[in-house]
Amino acid sequence: MLEASNHQELPAIPGKRYFTIGEVAELCLVKPHVLRYWEQEFPMLEPVKRRGNRRYYQRQDVILIRQIRALLYEEGFTISGARQKLSGDEAREDHQQARQIIQDTIQELESVLKVLRN
């Protein structure tokens, strides 16, 4: 079910390119009308719109929605506070740190792969 439980574990994001609003609602444990509202409140959230104004979200959108959900539901931010946090210097710093962690992880995995191949 689509419950906004603070402690419920979010499902893994499948390796697809595009997700419908219903799929994203299930992946993020929020209802579709909440996603449409957040699109108005968070300018960085812009799903691709196709035929008949249907929304198609990409993986980075799903990750952003999960960040928004965590800020609002788990950390107690207001909409405007969450918007500021996601668009401010702190967000850019977090992004750079995440990028560095990903690069470090890739290097570590490549070295493990070399060991496994030998």
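Coordinates for the structure precede this section.
Quick summary incoming for the structure in this document. Quick caveat: nothing in here was measured; it's all calculated off a predicted structure.

### Quick notes on the sheet that holds strand 2 (residues 48-50)
Next, step 1: If you trace the three strands from one edge of the open sheet to the other, you get 1-3-2, paired in antiparallel fashion. Edge strands, defined here as strands with exactly one partner in the open sheet, are strand 1 (18-19) and strand 2.
Next, step 2: Summarising the sheet, strand 1 and strand 3 (residues 54-58) pair through two bridges and their orientation is antiparallel. Bridging across to strand 3, F19 finds its partner in Y57.
Next, step 3: Helix 3 (residues 59-74) rests against strand 1 and strand 3 of the sheet, and its axis sits at about 85° to strand 3.

### Focus: the environment of I13
Next, step 1: When you line up the elements, I13 lands in the segment before strand 1.
Next, step 2: Sequence separation of I13 and V24 is 11 residues, and the distance between their C-alpha atoms is 9.1 Å.
Next, step 3: The contact partners of I13, leaving out residues within four places of it in the chain, are F19, L27, R59, V62, I63 and R66.

### Quick look at helix 1 (residues 21-28)
Next, step 1: When we look at burial in helix 1, the residues that qualify are I21, V24, A25, L27 and C28. For helix 1, the angular spread of the buried residues around the axis is 165°, confining them to a single face.
Next, step 2: As for helix 1, its buried residues are in contact with strand 1, helix 2 (32-41), strand 3 and helix 3.
Next, step 3: Positive phi appears at L29, one or two residues downstream of helix 1, with a value of about 55°.

### A closer look at the packing of helix 1 against helix 2
Next, step 1: Axis separation between helix 1 and helix 2 bottoms out at 9 Å; the angle between their running directions is 100°. Between helix 1 and helix 2, the angle is such that the two are roughly perpendicular. Contacts from I21, V24 and A25 of helix 1 reach helix 2 at P32, L35 and R36.
Next, step 2: Among the residues making up the contact of helix 1 with helix 2, the classes are represented as five nonpolar, no polar and one charged.

About the criteria used
Residues numbered from 1 in each chain as written. Predicted model: local features only at pLDDT ≥ 70, side-chain atom pairs only at ≥ 80, totals over all residues. Heavy atoms only, no water. Pairing = 2+ DSSP bridges. Helix = DSSP H or I, 4+ residues; strand = E, 2+ residues; numbered from the N terminus. Contact = heavy atoms within 4.5 Å. Axes fitted to C-alpha atoms, helices over the stretch in contact; angles between N-to-C directions. Buried < 20%, exposed > 50% of the residue type's maximum accessible area, 1.4 Å probe, protein only. Arc of directions from axis to C-beta. Parallel < 35°, antiparallel > 145°, perpendicular 65-115°, else oblique. Nonpolar A, V, L, I, M, F, W, Y, C, P; charged D, E, K, R; others polar.

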